[in-house]
4 protein chains.
Amino acid sequence: MSTDGFLARYPDWEKQQTDRGVDVEWVKAHLKELAIETPSWGYGDSGTRFKVFQQEGVPRSPFEKIEDAAMVHKVTGAAPSVALHIPWDLVDDFSALKKHAEDHGIKLGAINPNLFQEDDYKLGSLCHADPKVRKKAVRHMLDCVAIAQEVGSNIVSLWLADGTNYPGQGDFRRRKQWLIEGLQEVIAAMPGDMRLLIEYKFFEPAWYHTDIPDWGMALLLAMKLGPKAEVLVDTGHHPQGTNIEHITANLLDEGKLGGFHFNDRKYADDDVIVGTMDPYQLFLIMKEMVAGLLDPATRPTAERVAYMIDQSHNIEPKIPAMIRSIMNVQRYYAKALLVDFDALRRAQDAGDVLGAEAILQDAFETDVRPLLAQVRAELGLHPDPLTAYAESGYAEKIQARGKGGQSWSS
Amino acid sequence: MSTDGFLARYPDWEKQQTDRGVDVEWVKAHLKELAIETPSWGYGDSGTRFKVFQQEGVPRSPFEKIEDAAMVHKVTGAAPSVALHIPWDLVDDFSALKKHAEDHGIKLGAINPNLFQEDDYKLGSLCHADPKVRKKAVRHMLDCVAIAQEVGSNIVSLWLADGTNYPGQGDFRRRKQWLIEGLQEVIAAMPGDMRLLIEYKFFEPAWYHTDIPDWGMALLLAMKLGPKAEVLVDTGHHPQGTNIEHITANLLDEGKLGGFHFNDRKYADDDVIVGTMDPYQLFLIMKEMVAGLLDPATRPTAERVAYMIDQSHNIEPKIPAMIRSIMNVQRYYAKALLVDFDALRRAQDAGDVLGAEAILQDAFETDVRPLLAQVRAELGLHPDPLTAYAESGYAEKIQARGKGGQSWSS
Amino acid sequence: MSTDGFLARYPDWEKQQTDRGVDVEWVKAHLKELAIETPSWGYGDSGTRFKVFQQEGVPRSPFEKIEDAAMVHKVTGAAPSVALHIPWDLVDDFSALKKHAEDHGIKLGAINPNLFQEDDYKLGSLCHADPKVRKKAVRHMLDCVAIAQEVGSNIVSLWLADGTNYPGQGDFRRRKQWLIEGLQEVIAAMPGDMRLLIEYKFFEPAWYHTDIPDWGMALLLAMKLGPKAEVLVDTGHHPQGTNIEHITANLLDEGKLGGFHFNDRKYADDDVIVGTMDPYQLFLIMKEMVAGLLDPATRPTAERVAYMIDQSHNIEPKIPAMIRSIMNVQRYYAKALLVDFDALRRAQDAGDVLGAEAILQDAFETDVRPLLAQVRAELGLHPDPLTAYAESGYAEKIQARGKGGQSWSS
Amino acid sequence: MSTDGFLARYPDWEKQQTDRGVDVEWVKAHLKELAIETPSWGYGDSGTRFKVFQQEGVPRSPFEKIEDAAMVHKVTGAAPSVALHIPWDLVDDFSALKKHAEDHGIKLGAINPNLFQEDDYKLGSLCHADPKVRKKAVRHMLDCVAIAQEVGSNIVSLWLADGTNYPGQGDFRRRKQWLIEGLQEVIAAMPGDMRLLIEYKFFEPAWYHTDIPDWGMALLLAMKLGPKAEVLVDTGHHPQGTNIEHITANLLDEGKLGGFHFNDRKYADDDVIVGTMDPYQLFLIMKEMVAGLLDPATRPTAERVAYMIDQSHNIEPKIPAMIRSIMNVQRYYAKALLVDFDALRRAQDAGDVLGAEAILQDAFETDVRPLLAQVRAELGLHPDPLTAYAESGYAEKIQARGKGGQSWSS
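Residues numbered from 1 in each chain as written. Chains lettered and ligands numbered in written order. Predicted model: local features only at pLDDT ≥ 70, side-chain atom pairs only at ≥ 80, totals over all residues. Heavy atoms only, no water.

1. Here we look at the overall build of chain A
The condition that has to hold: Helix and strand assignments follow DSSP, with helices taken as H or I runs no shorter than four residues and strands as E runs no shorter than two, numbered in order from the N terminus. Atoms considered for the radius of gyration are the C-alpha atoms alone. The globule rule reads 2.2 Å times the number of residues to the power 0.38. Throughout, a contact is declared for two residues whenever any of their heavy atoms are within 4.5 Å.
Helices and strands together make up the secondary structure of chain A, namely 16 helices and 10 strands. In terms of C-alpha radius of gyration, chain A reaches 21 Å, essentially the compact-globule figure of 22 Å for 410 residues. Its C-alpha atoms give chain A principal-axis dimensions of roughly 65 × 60 × 40 Å. Here the analysis covers contacts within chain A between residues at least 6 apart in sequence; of these, 78% occur between residues at least 24 apart.

Structure below.
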């Protein structure tokens, strides 16, 4: 189906939905507001522990990463900021980097500290038994807070890789205490409108235990740290069989959902394109977000949630992969916006199990490509971002960068 | 090896450990204090959804279950109380049941409400959309509080089976709110020295979501409910790959570890005998408990923790299986008591990964059968509980009960 | 959306697909041929090990189960046979049962032996250490072969529940040898056009090991047993993270894929409605089946594959749940038929990872409700089977059966 | 406990076991024969996708790797060969490498091809859609066959990293066909006494599917390839909850168990030291191997099985980690040799579930450190290999190599 086709189908689509009782303008307004941050490191080379396959055209500097991120925003209209990772994106002059971003039509977003790639961190960082290492880690976090202020970002997003590989290697309770102390120092240095997003991860790169393995530990820390701390949900960081939409709803309820790192996986933290393995799960997560927006009690939290991509495009071209990721989140958000929540509530109250489930299936089954083509057209964009990208000549242009661009692997 | 053999070996064993620097008297004292509650329902028939294989000699009444539990205590000296499940153990006169227990040398322990076997609970109990069902569930909980007071127990232990089987079936946040409201009412009715232990379970019997899926949710509820509420860790209720000893340490640290339901599993909530699938995990959990006892900050919590068995002996004889369960917990607790915590701390502080791990392996590898035989002899017990049971004639005596005793399956 | 709406949309839909190059008549022809067997036990009461919630109107006899199955076929046109389970469906006169089915417009399908609900089978059946038990199990299988002949079915479908709960309980290699010997006897008694479908299951009801845990063991047995033996894939019987579509392709390639038991799950063998947890997986499986039909090398196997439902509708109404199951398989089969396999091959050959993936997403995203409404209309059916069922009055009629119908739980 | 202590305890230990009916000389003879191959790459730097922490003293060449492997053999007496990985261990003159090994008292063992670290292999090697890449991969395999002949090894051990990251990326059946064709060419080039060991892996580095995901596929390939092909079991390559001892028994039964890659894991393919996460599983696997040796039908296969270590010591010192790995395998093999198989058979035949399980627990609980100290002393070794290593001064000597030795990461 050509994308023109989807655009042409929109009037019929709109009528069908209006007939169903959908407020199509409300749906479109929400889609236009959806902003998904892309990660600078997602444009660089990445791989597995076995091999990083270098690609042609990979950015050679943070400046070039920003140009790629800006290109993704240009064709999608939905990726207005780019996350930085320090020191991967360390530059001498962050104001120049900020200006570079603004000149390209985007902003700098969450600042991601790195506490796992220096020799000192072999056995941990904020949880290391040696106070000198812990102090160094705190200092790096404080540097990141400063960088965030410098670039106008109000989010510091911490994935703590700390953990142990063997039973006995570390003392769980002491490590937790050290972690709290370190983060308290960081929080104290943060301005009032800045948030610390605490990510959790069930395993990897530590094999026996991770110091922040699950939402429970992340929330516990965030509660101890006060209102500036919130939880970050990376969709690939859970044990098999976890109901992530339930976690989403619960963190919304606690006012502590800070953001998402989107990606998909089949077994471990595969970091493949969001929506390619289990698209229904993505829909169900976005459905909780829409429900959160509709409820005055959770709306302030839901509106503040930072949507971010965090993926490793090991074998696929990076910019198209990022565009597709944005499009997938849009697709399943659009479907979530079509859920008939009033009917759902009635079915739930009536104990109508099949009826409630059918309401979700109905929304999921609806083809939203005409809608998304229309939304893009209304924003002055090409209805198909991938076509727009292909026609832009950008992919050819960046071949000049050659191979051997920046990589987040050490 | 005959058990007499183990007893005879004890003097050598003691010398070896004393030479290692172990305070053997301290170890023995802790082993003598170890009390593990057995569940009344563990003596009844049980099975899978496919079949309950009835066994000869299964108790026909709560009174007979108590007699079996008393027999387990008689030969192990370590199972001084029995948990009740209401209504499975509902009797007209709980004071008579209490007296029956005392006459047989044991006490009545935790009271376990049942919120999953009445038709009203098909779609939930405390989380049901219908306020009448929620009210009924709360009433049942209050009845259990009253029963606990009547039988002199200070623990009500809640496994909430609520959850949903399909996306959309329930509203996660509303259900949570209802759950909190219901439990607040229960907590308010509990006397000051009574504790509500909140169990969590990742899945089953609800398939899509459970309202209390993990320690994070259980702790969150316990924090909202105040000091009378604590978390109960059932060792079989986690996703694959979970580090349960980390959870143990963390809940100790929060002062919120209320107790354990011990059992083992290979894949799901198999409810097989504790220590038969992954004995090293049991050792590592008990090691955290010993560490918790050694630390003044966590000692009050650690001393209060209720150790309980919760298993389904579907194909094996029930009383021997329970005796073995008690013995397994003793075995791995004994090994945990042999850990050289000072050396472990030094290795951790020195970043000696292999050295720290070796300290745990050394304790785990130590054969503690001579020690346990000696401890039992010092308590006036037969050194081998299973031999004592075999020689007691009890197994033959209860054959008179025939087949078709009580079962917890509906 | 009313179903009339879907039917009205069909002409547009057809044009869109024809424009895409889809042979819509070919697609419709395949959809009309799709036959999915429903299980007699799916109409009876079922539950978890904790509770069977009885429903009103559940069949009280195999005859009534057949009436329900016939009703599902009447409204879907896609469920022309019903599987029997022996002894749950044991009747004095199978020819009467067969005639009853035919009178109601359906046929009797796969015969499923039961080797797990008699006391003799507590420790196994075909793998039991006692030759008398093994002989009894073989005899039951032979009875099932005879019943299959009597009712005109050419499939005996074996789910073997054998396994062990504890290390050491059984000898893996002896058990395997006994299993082979027993099945060889069964195969020898089967007429040439009858097939034995061998199901595998990773766990449950045995916890430590199951004798046929995976497709590898099932295929190995089928290879030893010769051309009459094939493998049955139950979609809920795998470890987490398993790629079932890969298994599907491989068994097709070996000419040994015998059939499917469809259901869905989030963690264990949840047996919930197929397509409700991970619909994309169902699509990917069906895509392998379509690919198998398109390839002359695998077509004979693919055409012979038996599609069957095997679910437990514990809390939802049984007949509507079964209708929805049929509709879900149709939906994702329809989407699989829309895959552009030529383009897919080209993308694969070109190493175009994103392009290949997009081809599948395009098919998956297509709304096939207009197509399915049209197919049903062309077959003389109501475009929406659930509406047809609701309007039939059947649900009200069977209320007269009351509660307490047949159940597969022991 | 000093290791002298263990040696001093041996006479008592021997008497205890002899009293139990154990043929201690038979046990010791088997322990002396146990040979475990170590991997050359296990001495180099390794890490996760996030970081390789370089260690001091890591070998700078294949020759130095062999020296380290020889050191491990010198102190354990149980690691008489070292596996090579091509091209990581590519040298100009393999006969010089062979001589170097022999001069240091060990042999060169399995040759491991590498089909995953060249750009050509980004989308696969033997399963690549491009015949030129497949041809190149076959050629590399043939080179490895030639190297094996040159160094006097009779094992080529293939871990195939091929797979796909996204649905649709590859055609499962075509890839399988290509794989078979390629391996047939390799097999044809192998001399009659050479074996191809086919490893399987459930996931990683490919995320969506791996071409050889499980023992079933590996066995199927080995059957198609004939008697020179066998299956290699890597203990970390299974989905959670897999019963690896069952797989071991089954492959022995089929005469197709070729070898093991030992390591341990908690969640994924963690590649930590064997026996540190789930030592009971290691014991149960070794128990199947002992049972296989005792049974004339499986003995030829069991005797031929190649025991190999395959681990990544990311944070711990490499040579001590390898020594510990050898010691752990010895420990659990020793315990397996103590199992009373006659009593086990009787318990199994009697349906004595608890009795059978207790027999395994008895062997597992036996402290075998005195036995292993004695066996080492009888072989003229220090009773504690780690002490011998510490006293050798080797660790200090290799510091001269500095940092930045060879690493298997690309």
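Moving on from the model shown.
2. So, the packing of aromatic side chains
Each aromatic ring pair is characterised by the separation of its centres together with the angle its planes make. The test is simple: To pair, rings of Phe, Tyr and Trp, with the six-membered ring standing in for Trp, must have centres within 6.5 Å; the planes then decide the type, stacked if under 30 degrees apart, edge-to-face if over 60, and tilted in the middle. For a ring to carry a charge above it, either NZ of a lysine or CZ of an arginine must fall within 6 Å of the ring centroid while also lying within 35 degrees of the normal to the ring plane.
Tallying each qualifying case throughout the model produces 76 aromatic pairs over all chains. Joined through ring pairs, the aromatic side chains of Phe202, Phe203, Trp207 and Tyr267 of chain A together with Phe202, Phe203, Trp207 and Tyr267 of chain D make up one cluster. The ring of Tyr121 of chain A is capped by Lys136 of chain A, whose NZ or CZ atom sits 5.4 Å from the centre of that ring.

3. Section: the environment of Phe6 of chain C
All names here are of chain C. Stated formally: Residue burial is assigned from relative accessible area. The probe radius is 1.4 Å, only protein chains are included, and a residue is buried under 20% of its type maximum, exposed over 50%, and partly exposed in between.
Mapped onto the elements of the fold, Phe6 is located in helix α1 (residues 3-20). By relative accessible area, Phe6 is classed as buried at 6%. Taking C-alpha positions, Phe6 is 8.3 Å from Pro383, a pair spaced 377 residues apart along the chain.

4. Notes on the interface of chain A and chain C
Put simply, the rule reads: As a working definition, buried area equals the accessible area (1.4 Å probe) given up by two parts on being put together, with both sides summed. A pair is scored as a salt bridge if a Lys or Arg side-chain nitrogen falls within 4 Å of a carboxyl oxygen belonging to Asp or Glu. Identification of polar contacts relies on pairs of N or O atoms within 3.5 Å, with a donor-acceptor requirement for protein atoms, meaning one able to donate a hydrogen and the other able to accept it, and with residues adjacent in sequence counted only if both atoms are side-chain atoms. Think of it as three bins: nonpolar holds Ala, Val, Leu, Ile, Met, Phe, Trp, Tyr, Cys and Pro, charged holds Asp, Glu, Lys and Arg, and polar takes everything else, Gly as well.
In this complex, chain A contributes 39 residues to the contact, which on the side of chain C involves 39 residues. Buried area between chain A and chain C, summed over both chains or domains, comes out near 3300 Å², and the portion from carbon and sulfur atoms is 50%. In this assembly, chain A and chain C are joined by eight salt bridges. Residue Glu357 of chain A is joined to Arg324 of chain C by a salt bridge in which the shortest nitrogen-to-oxygen separation is 2.3 Å. Inspection of the chain A/chain C interface yields 18 residue pairs in polar contact (both at pLDDT 80 or more). Breaking the side of chain A that touches chain C down by element, the ones donating at least two residues are α1 (3-20), α9 (279-294), α11 (318-337) and α13 (353-365) of chain A. No other element matches α13 of chain A, which puts eight residues into the side of chain A that touches chain C. Tallied by class, residues from the side of chain A that touches chain C come to 16 nonpolar, nine polar and 14 charged.

5. Here we look at the side chain of Glu254 of chain B
Looking at where Glu254 of chain B falls in the secondary structure, it is placed in the loop between α8 (244-253) and β9 (257-262). Of the polar contacts made by the side chain of Glu254 of chain B, one reaches the side chain of Lys176 of chain A; its length is 2.5 Å. With residues up to four places along the chain from it excluded, the contact list for Glu254 of chain B reads Lys176, Leu220 and Lys224 of chain A together with Leu219 of chain B.

6. As for the relation of the copies chain A and chain C
Going by this rule: What sets the superposition is a least-squares fit of C-alpha atoms, and only residues with pLDDT of at least 70 in both copies go into it.
Superposing chain A onto chain C requires a rotation of 180° together with a translation of 0.0 Å along the rotation axis, leaving an RMSD of 0.0 Å. Taken together, the rotation angle and the small translation identify this as a two-fold axis. Closest approach to the rotation axis within chain A is made by the C-alpha atom of Asp367 of chain A, at a distance of 2.7 Å. Interface overlap between copies is the fraction of interface residues in one copy that are interface residues in the other; for chain A against chain C it reaches 100%, indicating a shared surface.

7. Focus: the packing of α9 of chain A against α13 of chain A
All names here are of chain A. Note the following rule: For helices, the axis comes from a line fit to the C-alpha atoms of the stretch in contact; other axes are also lines fit to C-alpha atoms, and the angle between any two N-to-C directions lies between 0 and 180 degrees. Here the word oblique covers every angle except those under 35 degrees (roughly parallel), over 145 (roughly antiparallel) and from 65 to 115 (roughly perpendicular).
As a packed pair, α9 and α13 sit with axes 11 Å apart at the nearest point and diverge in direction by 110°. Relative to α13, α9 is oriented roughly perpendicular. Between α9 and α13, the contacting residues are Pro279, Tyr280, Phe283, Leu284 and Lys287 on the first element and Glu357, Leu360, Gln361, Ala363 and Phe364 on the second. A breakdown of the residues in the contact of α9 with α13 according to their chemical character gives seven nonpolar, one polar and two charged.

8. A few points about the relation of the copies chain B and chain A
Turning one copy of the chain about an axis and sliding it along that axis gives the other copy, so a rotation and a shift relate them. Superposition record for chain B on chain A: RMSD 0.0 Å, screw rotation 180°, translation along axis 0.0 Å. Comparing contact sets, 100% of the residues at the interface of chain B also lie at the interface in chain A, consistent with an isologous, same-surface contact.

9. Some thoughts on the pattern of salt bridges
Per the counting criterion, the structure on display carries 132 salt bridges over all chains. In this structure, Lys98 of chain C and Glu102 of chain C form a salt bridge, with 3.9 Å as the shortest nitrogen-oxygen distance. Of the two residues, Lys98 of chain C and Glu102 of chain C are both situated in helix α4 (residues 94-103); the distance of four residues between them amounts to about one turn of the helix. In this structure, Lys201 of chain D and Glu204 of chain D form a salt bridge, with 2.6 Å as the shortest nitrogen-oxygen distance.

10. A look at the interface of chain B and chain A
Counting residues at the interface gives 53 residues for chain B and 53 residues for chain A. Counting the surface lost from both chain B and chain A, the interface buries some 4400 Å², and carbon and sulfur atoms represent 57% of this. Looking at the side of chain B facing chain A, the largest losses of area belong to Phe172, Arg173 and His246 of chain B, adding up to 17% of the total buried there. Remark: the boundary between chain B and chain A carries 10 salt bridges. Taken together, the connections running from chain B to chain A amount to 24 residue pairs in polar contact (both at pLDDT 80 or more). Among the secondary structure elements, those contributing two or more residues to the side of chain B that touches chain A are α6 (172-189), β7 (209-210), α7 (215-225), α8, α9 (279-294), α12 (341-349) and α13 (353-365) of chain B. The greatest single-element share of the side of chain B that touches chain A, amounting to seven residues, is contributed by α7 of chain B. Tallied by class, residues from the side of chain B that touches chain A come to 22 nonpolar, 16 polar and 15 charged.

11. Remarks on the pairing of strand β1 (residues 36-39) of chain D
All names here are of chain D. Put simply, the test is: A pair of strands counts as paired when DSSP detects no fewer than two bridges linking them. Whether a crossover is right-handed depends on one test, that the path from the first strand over the helix to the second runs clockwise when the strands point away from the viewer.
Side-chain alternation along β1 places Ile36 and Thr38 on one buried face and Glu37 and Pro39 on a second face that is also buried. Relative to strand β10 (residues 306-309), β1 runs parallel, the two being bridged by two bridges. Each residue of the ladder has a partner; that of Ile36, found in β10, is Tyr307. Here two bridges tie β1 to strand β2 (residues 81-86), and the two strands are oriented parallel to one another. In the strand pairing of β2, Pro39 is matched with Ala83. Crossover β1 to β2 through helix α3 (residues 62-76) is right-handed.

12. Thoughts on the confidence of the model for chain A
As a reminder of what qualifies: The predictor attaches a confidence to each residue, and that confidence, scored 0 to 100, is pLDDT.
On average, chain A scores 97 in pLDDT, and the residues at 70 or more come to 99%. Both scores are available for the predicted complex, with the pTM at 0.98 and the ipTM at 0.97.

13. Observations regarding helix α7 (residues 215-225) of chain C
With nine of 11 residues buried, α7 of chain C is to be regarded as a mostly interior element. Taken together, the buried positions of α7 of chain C are occupied by Trp215, Gly216, Met217, Ala218, Leu219, Leu220, Leu221, Ala222 and Leu225 of chain C. Contacts made by the buried residues of α7 of chain C are with α6 (172-189), β6 (195-199), β8 (229-234) and α8 (244-253) of chain C together with α7 (215-225) and α8 (244-253) of chain D. Looking one or two residues beyond α7 of chain C, the residue adopting positive phi is Gly226 of chain C, at roughly 95°.

14. Thoughts on unusual backbone geometry
A cis geometry characterises the amide bond from Ile86 of chain C onward to Pro87 of chain C, with omega recorded as 20°. Following the sequence through the fold, Pro87 of chain C ends up in the loop between β2 (81-86) and α4. The step from Glu204 of chain D to Pro205 of chain D runs through a cis peptide bond, and the omega angle for that step is 5°. Position of Pro205 of chain D among the secondary structure elements: in the loop between β6 (195-199) and β7 (209-210). Notably, Glu204 of chain D is not glycine yet its phi reads approximately 80°, a positive angle. For Glu204 of chain D, the location among the structural elements is in the loop between β6 and β7. Backbone geometry places Asp271 of chain D, a non-glycine residue, at a positive phi of 60°. Among the secondary structure elements, Asp271 of chain D is positioned in the loop between β9 (257-262) and α9 (279-294).

15. Structural notes on the pairing of β9 of chain D
Residue and element names in this part refer to chain D. Burial runs high along β9: six of the six residues are buried. Note: strand β8 (residues 229-234) against β9, four bridges, orientation parallel. Following the sheet pairing, Val233 is matched in β9 by Phe260. Read as a crossover between parallel neighbours, the route from β8 over α8 to β9 is right-handed.

16. Observations regarding the state of the cysteines
Residue and element names in this part refer to chain B. The following threshold applies: Here, a disulfide means two cysteine sulfur atoms that sit within 2.5 Å of each other.
Counted under the stated rule, the structure contains zero disulfides over all chains. As a non-bridged cysteine, Cys127 has Cys144 as the owner of its nearest cysteine sulfur, 17 Å distant. Owing to a relative accessible area of 0%, Cys127 belongs among the buried residues under this scheme.

17. Quick notes on the packing of helix α5 (residues 131-151) of chain B against α6 of chain B
All names here are of chain B. Put simply, the test is: Handedness of a crossing is defined here by the sense of rotation of the near helix relative to the far one, left-handed for an anticlockwise turn of less than a right angle and right-handed for a clockwise turn.
Where α5 contacts α6, the two axes come as close as 9 Å, and the packing angle between them is 30°. Of the possible angle classes, the one that applies to α5 and α6 is roughly parallel. Crossing hand, α5 versus α6: right-handed. Across from Arg134, Val138, Met141, Leu142 and Val145 in α5, the residues of α6 making contact are Trp178, Gly182, Leu183, Glu185, Val186 and Ala189.

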